[in-house]
Amino acid sequence: MCGIIGYIGDRQACEVIVKGLKRLEYRGYDSAGIVTEEGGRLYIKKGAGRIDELAEKLGFLEMPGKRGIGHTRWATHGIPNDINAHPQTDCTGKIALVHNGIIENYRELREELLKRGHRFDSDTDTEVIAHLIEEELKSGGSFEEAMRRALLRLKGSLALGIIYTEEPDRLYFVRNESPLVLGIGEGENFAASDVPAFLEYTNRVVFLDDREYAVLTKDSWTVKNLDTGERIEKSVHKIEWSLEMAEKAGYPHFMLKEIHEQPKAIRDALHGNAEIIHSVAEEIAKYDRIFIVAMGTSYHAGLVGKYLFQRLARKVPIVEDASEFRYELEDVIDENTLVIAITQSGETADTLAAMKLAKRKGAKVLAIVNVVGSMATRIADFTLYTHAGPEIGVAATKTYTTQLTVLTMLALELARVLGTADQGYLEELEMGLKAVPELVESVLKHETSLRELAEGLKNKRDFFYIGRGISVPTALEGALKLKEISYIHAEGLSAGELKHGPLALLEDGVPVVAIAPSGRTFDKVVSNIEESKARGAYIISVGDRAELMRVSDVFLEMPRMDELLTPIVYVVPLQILAYHLAVLRGNDPDKPRNLAKSVTVE
Ligand code: AGP
């Protein structure tokens, strides 16, 4: 995810762009850049770092010109550095553009353009677009036509802002599968990834749809169809939200917004790893001794990974809390060991230390990371990205479900490589995995009833979350979400453990959340529910079998799916429940007390 903004009018473009970029920083913040134009010359300033630092260091606010575009980046191709920051330009330096999205066929296009003599400066997929337009311009016709021809060759998602020196009165903006909205002013016009970027100047907006592009001048705006070049009539909408509401896309907190972003994030994780997963699985297949190291929510993802690996690929990884691994396992790691490190931030001190230790001992290290270019990706021998986009809320939500998505893809592919599962079954499971975003969408629709449920539970002192098999990590994660943002004591445990001690804590009205999908241990979980109910517990069951209604006070009905996919979907109601409990208790779920988004000290 990246943020883009463009301006054309009578104001100093850089001032509008810098303000807009700051409001888009939630979309990405690893690098930023601006291009403005004056007197037929482009002025470009860009670099790695956050907007405020860069504005000061590079002098963003001293850039001349009344039209320009800006970008705040969340890297997907090419590490965050000065060269990979946008704008990207063509060989002539006359075309500059910024991009939000992923160009899937950029490698082949780059090869083709290199053969035609183009020079590339960056490692980005974006730069290909500038050279492709340059190439199309050589065949004659207008810039707009050349741009359209070039864009028709791209596969993938994009929102683009384009500036061309030879056309001093206009800017182009293109949308396909990445958001883009126009801001319509008086004698000035805007475009951005999101409304807050220009809401200070105008609340009249035009939402672009997929495969549309806009030509903006100071006094006019036109929207056209990317495939035909024909003009499209669009209506202007008036935005009634406040700036603050708009930044969170109307959600009261980033956490809730991120919970709702999960279907898209999971799709991006599937999409973004489709090509690379096979080669990574082939590498993993060589190892029998596998450790998974991580902390917190990422550790819970690791536990799900263990169940997936053992069920599908007959490999049993040892999952270790990274802070324990680094002090306890040094002597058993060698060059025959594979260490899989899972970390959203890629900066968690304990996880990095475990990775460094593994490298020192000669082990191979695979990282599963969200933040591109983070330290973990530099230590690892190879990396799989979760493609969840920036997560601002301290509580991990979409980064967890995308970690699970990547681990499921990996286990599936590993089973294929090793021939450890029936091919027909693997295909079914893969189809099921592709349908998970829709299943998550259907679960998100239960938000109102979950809020009502939270109302009745907000004064409870303790919660228990139970599950068996692959649902044990879901129980742990549900409990972690609840404690970190609502400050209610919660325990997650395997349902079988109840009788060995914790049952003594159950009394009238204590909530027990039972994760009970259809599968190997369904009946056992039902017995554990009954055991708890007999002690007066208030049972909230999460499952797909109506018979759970009989034993539960509240039944959260989930759609049917393969048991191995349930961790991705079943955690969603638990996130929503924790969120509403936190809000009802007057807490800010985005900034829980005593906690930081990334724990960079031991
Ligand atoms: C979970 O909601 C927390 N934010 C925390 O447990 C987190 O998962 C842990 O600190 C690990 O962070 P990482 O994934 O960035 O390494």
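So, a few notes on the structure that sits alongside this text. (Residues numbered from 1 in each chain as written. Predicted model: local features only at pLDDT ≥ 70, side-chain atom pairs only at ≥ 80, totals over all residues. Heavy atoms only, no water.)

### Points about the overall build of the chain
Line of reasoning, step 1. Along its length, the chain carries 20 helices and 25 strands.
Line of reasoning, step 2. Scaling as 2.2 N^0.38, a compact globule of 602 residues should have a C-alpha radius of gyration of about 25 Å, and the chain matches this with 26 Å.
Line of reasoning, step 3. In terms of principal-axis extent, the alpha carbons of the chain reach across some 80 × 55 × 45 Å.
Line of reasoning, step 4. For the chain, buried positions account for 61% of its 602 residues.
Line of reasoning, step 5. A sequence separation of at least 24 residues applies to 71% of the contacts in the chain between residues at least 6 apart.
Line of reasoning, step 6. About 23,000 Å² of surface is accessible on the chain, with carbon and sulfur atoms providing 47% of the total.
Line of reasoning, step 7. In the chain, 73 positive and 91 negative side-chain charges are present, and the distance between their average locations comes to 0 Å. (Helix = DSSP H or I, 4+ residues; strand = E, 2+ residues; numbered from the N terminus. Rg over C-alpha atoms; globule rule 2.2 N^0.38 Å. Buried < 20%, exposed > 50% of the residue type's maximum accessible area, 1.4 Å probe, protein only. Contact = heavy atoms within 4.5 Å. Areas by Shrake-Rupley, 256 points an atom, 1.4 Å probe, with all protein chains shown as cover. Lys, Arg positive; Asp, Glu negative; His and termini not counted. Charge placed at Lys NZ, Arg CZ, Asp CG, Glu CD.)

### Section: the nonpolar core
Line of reasoning, step 1. Counting residues in each nonpolar core, the largest one holds 86 residues, and the members touching the most others are I284, I340, F463 and Y465.
Line of reasoning, step 2. The element contributing the most residues to this core is helix α20 (residues 566-584), with twelve residues. (Core = buried A, V, L, I, M, F, W, Y, C linked by side-chain atoms within 4.5 Å.)

### A look at the packing of helix α10 (residues 296-313) against helix α14 (residues 398-418)
Line of reasoning, step 1. With their axes 9 Å apart at the nearest point, α10 and α14 run at an angle of 20° to one another. Put simply, α10 runs roughly parallel to α14. Read as a crossing pair, α10 and α14 show a hand that is right-handed. In this structure, α10 uses T297, S298, H300, A301, G302, V304, G305, L308, F309, L312 and A313 to contact α14, whose residues at the interface are Y400, Q403, L404, L407, T408, L410, A411, L412, L414, A415 and L418.
Line of reasoning, step 2. Considered class by class, the residues forming the contact of α10 with α14 number 15 nonpolar, seven polar and no charged. (Axes fitted to C-alpha atoms, helices over the stretch in contact; angles between N-to-C directions. Parallel < 35°, antiparallel > 145°, perpendicular 65-115°, else oblique. Left-handed = near helix turned anticlockwise from the far one by under 90°. Nonpolar A, V, L, I, M, F, W, Y, C, P; charged D, E, K, R; others polar.)

### Observations concerning the side chain of E258
Line of reasoning, step 1. Mapped onto the secondary structure, E258 falls in helix α7 (residues 254-260).
Line of reasoning, step 2. With residues near it in sequence (within four places) discarded, E258 still touches P390, E391, I392, G393, T397 and K398.

### Re the layout of surface pockets
Line of reasoning, step 1. What the second largest pocket holds in volume is close to 590 Å³.
Line of reasoning, step 2. G296, T297, A596, K597 and V599 are the residues nearest the centre of the second largest pocket, which is lined by 28 residues in total.
Line of reasoning, step 3. Among the secondary structure elements, those contributing two or more residues to the lining of the second largest pocket are α10, β18 (337-343), α12 (349-360), α14 and α17 (472-486). (1 Å grid on protein atoms, 1.4 Å probe; cavity = no way out; pocket = protein on both sides within 12 Å on 5 of 7 lines; lining within 4 Å. Points joined across faces, edges and corners; volume = space filled by probe spheres on them.)

It is worth stressing that arrangement in space is one thing and function is another; only the former is reported here.
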